Amino acid sequence: KVVVPDELRDDLPEYTSNFAKWFGPELKENLVSRSRDNVHYSMSLIQRENISYKKKELGDDEFSVPYFDLMKNDADIYLVVSNVWIGRESETQWISNGVGTTMVTYLYFSMKCRYAFYDARTKKLLGYGHSKGRTGYTFAVTRSDWESSLRKMVYNLARETPLFVR
């Protein structure tokens, strides 16, 4: 879900009516760039009605793990990415310098998602979680902020798996 449609129109105007045409190839490119040489990817957009959720524990919280209902045996691993959220966030901190205290607000352009890895043949859940990538900005969000946030989200999603190069 892109919660900043104005940013989409400003920064990726050619994808305003079909955001998946930007997101899918960018996601794949980032996965490929982080992967070991022998890992090959194909990417497809899955309709919302073909994803279900299974409750699992994630730390102390209950987590809804995405599951693709129509997995085939034509791959070794399925990575299901769902609940993608794209928008602006801010973080306020109080900084003390010994003389006084100052409030500082940091602005971020963020992407978040849920993910799950499955063995395609057995349908066994191999790993799951949520991932976030964010990029700081000062005044305006640019196309490079979209790209950087997605790159960081993929890195955070992938860094604990055996498929990816550190």
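How each quantity is defined
- Residues numbered from 1 in each chain as written.
- Predicted model: local features only at pLDDT ≥ 70, side-chain atom pairs only at ≥ 80, totals over all residues.
- Heavy atoms only, no water.
- Helix = DSSP H or I, 4+ residues; strand = E, 2+ residues; numbered from the N terminus.
- Buried < 20%, exposed > 50% of the residue type's maximum accessible area, 1.4 Å probe, protein only.
- Contact = heavy atoms within 4.5 Å.
- Areas by Shrake-Rupley, 256 points an atom, 1.4 Å probe, with all protein chains shown as cover.
- Phe/Tyr/Trp six-rings, centres within 6.5 Å; stacked < 30°, edge-to-face > 60°.
- Expected span 1.5 Å × (residues − 1).

### Considering the overall build of the protein chain
So, step 1. The helix and strand inventory of the protein chain stands at 3 helices and 5 strands.
So, step 2. Each of the 166 residues in the protein chain was classed as buried or not, and the buried ones make up 35%.
So, step 3. A sequence separation of at least 24 residues applies to 57% of the contacts in the protein chain between residues at least 6 apart.
So, step 4. For the protein chain, the computed accessible surface area is about 10500 Å², with 49% contributed by carbon and sulfur atoms.

### Details of the packing of aromatic side chains
So, step 1. Within the structure shown, the criterion is met by 10 aromatic pairs.
So, step 2. When the centroid spacing of 5.8 Å and the interplanar angle of 20° are considered together, the rings of Phe63 and Tyr128 count as stacked. Within this pair, whereas Phe63 is found in strand β2 (residues 61–68), its partner Tyr128 is found in strand β5 (residues 125–137), the two being separated by 65 residues in sequence.
So, step 3. The class for Phe63 is buried, based on a relative accessible area of 6%.
So, step 4. Note on Phe109 and Trp146: the rings are 4.8 Å apart at their centroids and 50° apart in plane angle, and the pair reads as tilted. One end of the pair, Phe109, is in strand β4 (residues 101–119); the other, Trp146, is in helix α3 (residues 143–158), and 37 residues separate them in sequence.
So, step 5. Assessed through its relative accessible area of 0%, Phe109 is described here as buried.

### Looking at helix α2 (residues 20–34)
So, step 1. Its 15 residues give α2 an end-to-end C-alpha distance of 21 Å, which sits within 8% of 21 Å, the value for a rise of 1.5 Å per residue.
So, step 2. Taken together, the buried positions of α2 are Trp22, Phe23, Gly24, Glu26, Leu27, Asn30 and Leu31.
So, step 3. Contact partners of the buried residues in α2: β3 (77–96), β4 and α3.

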